[in-house]
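Structural overview
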Amino acid sequence: MIFEGAEARPVGEPWNKGEKTRALRDFLCGVLIGAGAILPGVSGGVLAVVFGIYRPLMEMLTRPRTAIPQYWRFLPALGLGWAVGFLGVAKGIAVCLDWSAAVTTWLFIGLIIGTVPSLFREAGKEGRRTSAWVSLFACAAAVFAGLFYVGRVLSVTVEPSFWWYNFCGALWGMSVVIPGLTSSSVMMALGLYQPMLEGLARLDLLVLSACLPGMVITMLLLARLVSWFFRRHYAVAYHGILGIVLASTLVIVPTDYLGWWEVALSALCCAGGYALASFLDKLDRTTGRGAD
């Protein structure tokens, strides 16, 4: 595990070289996890597992009295890095969506497809009983039917508001607590992703005051339940997550294009996203994942 418990440093005592290096590493890990919370196809929870942060985070959420004194030292650098990654990537993606929503969406779809093999392997770590397959297909069918009906049949585009931005924050909180769950594709299906990103990019107080509390509250409420469910029903839970990822991805496939150039560029970006996700997956398997 990356983060080990450490003795408290006396107030006013200068940091040594090792502490500065650890703080820099914590900051960079936070940047990547914050970016993963924004990028469709990248789960902040999975990145937390990869960097060895997931277990300390869950311990601090479920038993703070004993865990916070043990792990508190990495929180400032990690939190600052998360804010930089979260808000910085939001601005970049908002610009890309303004330029071409179809091309940008296909890049995200490629990233999502590239993560499916690793999610499938992770889901089968404890076997694949009938109940696991039932969970996968039931969750996929329910999510696809609901999102398709709302987005394509009723053609409902949710009007952004404080409560819907709070819902986006809750989805992000779920993606941190539940490794492998990517929430951005659900927001895209409801028409919330782009306006929410644009609000974050310009530091809109309405968006920030709704998203961030929604995320924190969801993490606090779900941490203990998720920990218990994964311990007791790991395969069922993870196969359900896989079903949600697959269904929410199908719903966001673009159908309108400005011309053949946009179709060709979309295909290229999809392939590039898939290649990037596959490379990261191979890198994870080569270097070994963090403690989960």
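Residues numbered from 1 in each chain as written. Predicted model: local features only at pLDDT ≥ 70, side-chain atom pairs only at ≥ 80, totals over all residues. Heavy atoms only, no water.

**Points about the packing of helix α10 (residues 193-201) against helix α11 (residues 205-232)**
Relative orientation of the contacting elements α10 and α11 amounts to 110°, with a least axis distance of 8 Å. For the element pair α10 / α11, the angle class is roughly perpendicular. On the side of α10, the interface is formed by Met 196, Gly 199 and Leu 200, while α11 contributes Val 207, Leu 208 and Cys 211. Looking at the contact of α10 with α11 residue by residue, the class counts come to five nonpolar, one polar and no charged. (Axes fitted to C-alpha atoms, helices over the stretch in contact; angles between N-to-C directions. Helix = DSSP H or I, 4+ residues; strand = E, 2+ residues; numbered from the N terminus. Parallel < 35°, antiparallel > 145°, perpendicular 65-115°, else oblique. Contact = heavy atoms within 4.5 Å. Nonpolar A, V, L, I, M, F, W, Y, C, P; charged D, E, K, R; others polar.)

**Section: a nonpolar patch on the surface**
A grouping of Ile 68, Trp 72 and Leu 75 is seen on the molecular surface, where their side chains present a nonpolar patch of about 250 Å² in accessible area. Along the chain, the position of Leu 75 falls in helix α5 (residues 75-99). A relative accessible area of 36% means that Leu 75 is categorised as partly exposed. (Patch = residues over 30% accessible without salt bridge, like charges linked within 9 Å, V, L, I, M, F, W, Y side chains within 5 Å. Areas by Shrake-Rupley, 256 points an atom, 1.4 Å probe, with all protein chains shown as cover. Salt bridge = Lys/Arg side-chain N within 4 Å of Asp/Glu carboxyl O. Buried < 20%, exposed > 50% of the residue type's maximum accessible area, 1.4 Å probe, protein only.)

**Description of the pattern of salt bridges**
Any two side chains of opposite charge can pair, given that their charged atoms come close. For the coordinates displayed, the defined rule picks out one salt bridge. Residue Arg 202 pairs with Asp 204 through a salt bridge whose shortest N-O separation is 3.4 Å.

**Some words on the nonpolar core**
Counting 66 residues, the largest nonpolar core has Ile 38, Trp 172, Tyr 193, Met 196, Leu 197 and Leu 200 as its most contacted members. Among the elements that take part in this core, α11 stands out by supplying nine residues, more than any other. Sequence-distant contacts of Leu 200, defined by excluding residues within four places in its chain, comprise Ile 38, Phe 86, Leu 87, Ala 90, Trp 172, Val 207 and Leu 208. (Core = buried A, V, L, I, M, F, W, Y, C linked by side-chain atoms within 4.5 Å.)

**Brief notes about unusual backbone geometry**
Trans is the prevailing form of peptide bonds, just as negative phi is the prevailing case for residues other than glycine. Even without being glycine, Leu 203 reaches a positive phi, approximately 55°. With respect to the helices and strands, the residue Leu 203 is situated in the loop between α10 and α11. Exposure remark for Leu 203: the relative accessible area of 47% places this residue in the partly exposed category.

**Quick look at the side chain of Thr 105**
The residue Thr 105 is located in helix α6 (residues 101-123) in this model. When neighbours within four sequence positions are excluded, Thr 105 is seen to be in contact with Met 188, Ile 252 and Pro 254.

**Quick look at the packing of helix α8 (residues 162-177) against α11**
Remark: α8 packs on α11, axes separated minimally by 6 Å, with the N-to-C direction vectors making an angle of 40°. As far as their axial angle goes, α11 and α8 are oblique. Considering the relative orientation of α8 and α11, their crossing is right-handed. Contacts from Phe 162, Tyr 165, Asn 166, Cys 168, Gly 169, Ala 170, Trp 172, Gly 173, Met 174, Val 176 and Val 177 of α8 reach α11 at Leu 206, Val 207, Ser 209, Ala 210, Cys 211, Gly 214, Met 215, Thr 218, Met 219, Leu 222, Ala 223 and Val 226. Partitioned by chemical class, the residues of the contact of α8 with α11 number 17 nonpolar, six polar and no charged. (Left-handed = near helix turned anticlockwise from the far one by under 90°.)

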